Amino acid sequence: MTINDLINNPSTGADRILGAIYNKMYDWNIHSFAWIGISSITSDEADKGSTPGDGGTDKIELDGWLISPSNLSFNDVWEGNYEGVGRACYAIQFFNQMNLADDVKNRYIGEAKFLRAYFYWNLWRCYGGVPKIDKVLASQADIETYSVRASSSEIYNFIESDLLDAMSKLPLTISSKENGRPTKYSAQAFLAKLYLYNKNWSLSKSMVDGIIGSNQFDLLPEYADIWREKGEFGKESIWEINAIGTNPPKGITGYTEVQGMRGSGLDDYGWGFNVPSQDLINAYEPGDKRKDGTVLERGKLLWDGYQSNPNLPNPFYNYKAYVSKTAETYFDRGQSNKNLRIFKYGEMLLIKAEVENELGDTTASLLAINKLRSRAGLGSIIAESKDKLREKIYHERLVEMAMEHDRIFDLRRTGRAGAVLRKQGKAYIDGKHDLFPIPQRQIDLSGGKLAQNPMY
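The sections below set out a description of the structure shown in this document.

Let us look at unusual backbone geometry. A negative phi angle is the norm for most residues apart from glycine, just as the trans form is the norm for most peptide bonds. The backbone of Ser50 shows a phi angle near 60°, a positive value even though the residue is not glycine. For Ser50, the position within the fold is in the loop between strand 1 (46–49) and helix 5 (59–64). Residue Ser50 is classed as buried on the basis of its relative accessible area of 2%. Even without being glycine, Phe233 reaches a positive phi, approximately 55°. Topologically, Phe233 is positioned in the loop between helix 11 (201–213) and strand 2 (237–241). A relative accessible area of 26% places Phe233 in the partly exposed class.

Here it is in structure tokens:
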């Protein structure tokens, strides 16, 4: 079957073209080993894990911030996300060529732009300014033209533009058979977070208030349920990656295997990388239910009745990446049915608390943050100064979103990365490590047109 066959049969072709973008979400170089290393092992919440002699190619370097442009993970994440960008650009071009009803065409283009924004969001947070590809590159001349870096602000504006257009085109709600596809609220939540990163408090507030005011979302009663199969597409989910491929069985390649308990025989769930750090363990207040939903402790009876081995190499593992072999759908270690939650209502309350505090409304800020604390089994925070409340909100963000591939970017956006990571003994250099290096392979492929980030 050729692409023209798909274009000329819009009743089935449009779904298959769109599906090619979604399928990229399952690939090894999008959400697996490299992304886990860059987004989590680099932070204070996680250690490399595995065994001392297993460096995981470059993961021991990421853990200690002994990084260089030749680190393999940086190139994997770059290539994976640009492959996603390319698929989205092709899809937008093809949808415009197809004989589709206007409302259907708009929705499909909205989805493609939402997904393109997601790929660029990951690139922008990692590398800052990167090549801005907004169309199919049809010639060598196009490739030459687009092999230079746009500025960080240009990429930010491009992400915003795609999301605003997506928000205008996506439906408010979807049916259960469409789970995993974004809605208007997904784009709105994405924009709330994008504006938070840009310190545009008012716009972020506007977006998050739209989510909260819709009454379409709420917190699940039990925090730990969010990451279990029973919590998939629940009332707390605003957008998550649907990893339940059925023919063939396919999940996010390697995601649970990379982080699963490292043992032998029946105790062997995976490679044991990306384990909660002692600093994260210490961050939880006594009685905080979020700890038990995040930290899998060796030797403990797990939620599904499995007795974990007390002699596993690491004392802790990422509970949010655990898949039960007996109580959940389970394909195999490499293709397990583990959805990845990207935007959820709990984070919207964190954003609400932060922006309201920055705008001077302590009462609204406390209301939002205390909803999260109440679910966690903790008492309320009382009114404090803006600066003190800001620090408490930062702390709540750590324990509410631990091991969710957000922490290093959160530390950077708030200007705390250097102080926090150096205190942990990591060799973080301000001004250098505030962005990851442009992969040397990409600089070489561009013939030197891609400029490296400062100090690398």
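Quick look at the side chain of Arg390 now. One can find Arg390 in helix 17 (residues 386–400). Other than its neighbours up to four places away in sequence, Arg390 contacts Asn357 and Glu358.

A few words on the packing of helix 16 (residues 362–375) against helix 17. Angle between the axes and distance between the axes are the two parameters that describe a pair of packed helices. For the pair helix 16 and helix 17, the least separation of the axes is 11 Å and the interaxial angle reads 30°. Relative to helix 17, helix 16 is oriented roughly parallel. With respect to the hand of their crossing, helix 16 and helix 17 are arranged in left-handed fashion. The residues of helix 17 that touch helix 16, namely those facing Thr362, Ser365, Leu366, Ile369, Leu372, Arg373 and Arg375, are Leu389, Ile393, Glu396 and Glu400. Its residues assigned to classes, the contact of helix 16 with helix 17 shows five nonpolar, two polar and four charged.

Between two cysteines, a covalent bond joining their sulfur atoms is known as a disulfide. If you walk through the whole model with that rule in mind, you get zero disulfides. Cys89 carries a free sulfur, and the closest cysteine sulfur to it, the one in Cys126, is 19 Å from it. The exposure class of Cys89 is buried, given its relative accessible area of 4%. Overall, Cys126 belongs to the buried group, its relative accessible area being 0%.

Inspection of the entire model under this criterion finds 46 salt bridges. A salt bridge links Glu404 to Lys344; the nearest nitrogen and oxygen atoms lie 2.6 Å apart. Of the two residues, Glu404 is situated in the loop between helix 17 and helix 18 (407–413) and Lys344 in strand 8 (residues 340–344); the sequence distance between them amounts to 60 residues. This pair shows no difference in class: Glu404 is buried, exactly as Lys344 is. Through salt bridges with shared partners, a single ionic network connects Lys193, Glu347, Glu354, Arg397, Asp406, Asp410, Arg413 and Arg416.

Let us now look at the packing of aromatic side chains. To describe a pair of aromatic rings, one takes the distance between the centres and the angle between the planes. One pass over the structure, following the stated rule, counts 30 aromatic pairs. Between Trp124 and Tyr156, the aromatic rings sit 5.6 Å apart at their centres with planes inclined by 50°, giving tilted as the arrangement. With Trp124 in helix 7 (residues 102–127) and Tyr156 in helix 9 (residues 152–169), this pair connects stretches of sequence that are 32 residues apart. Here Trp124 and Tyr156 have matching classes, each one buried. Plain terms: the ring middles of Phe190 and Phe343 are 5.0 Å apart, the flat faces sit at 40° to each other, and that makes the pair tilted. Taken as a pair, Phe190 in helix 10 (residues 184–197) and Phe343 in strand 8 lie far apart in primary sequence, 153 residues in all. Considered together, Phe190 and Phe343 belong to a single accessibility category, that of buried residues. A cation over an aromatic ring shows up here: Arg125 above the ring of Phe409, its NZ or CZ 4.3 Å from the ring centre.

Rules of the game
- Residues numbered from 1 in each chain as written.
- Predicted model: local features only at pLDDT ≥ 70, side-chain atom pairs only at ≥ 80, totals over all residues.
- Heavy atoms only, no water.
- Helix = DSSP H or I, 4+ residues; strand = E, 2+ residues; numbered from the N terminus.
- Buried < 20%, exposed > 50% of the residue type's maximum accessible area, 1.4 Å probe, protein only.
- Contact = heavy atoms within 4.5 Å.
- Axes fitted to C-alpha atoms, helices over the stretch in contact; angles between N-to-C directions.
- Parallel < 35°, antiparallel > 145°, perpendicular 65-115°, else oblique.
- Left-handed = near helix turned anticlockwise from the far one by under 90°.
- Nonpolar A, V, L, I, M, F, W, Y, C, P; charged D, E, K, R; others polar.
- Disulfide = S-S within 2.5 Å.
- Salt bridge = Lys/Arg side-chain N within 4 Å of Asp/Glu carboxyl O.
- Phe/Tyr/Trp six-rings, centres within 6.5 Å; stacked < 30°, edge-to-face > 60°.
- Lys NZ or Arg CZ within 6 Å of the ring centre and 35° of its normal.

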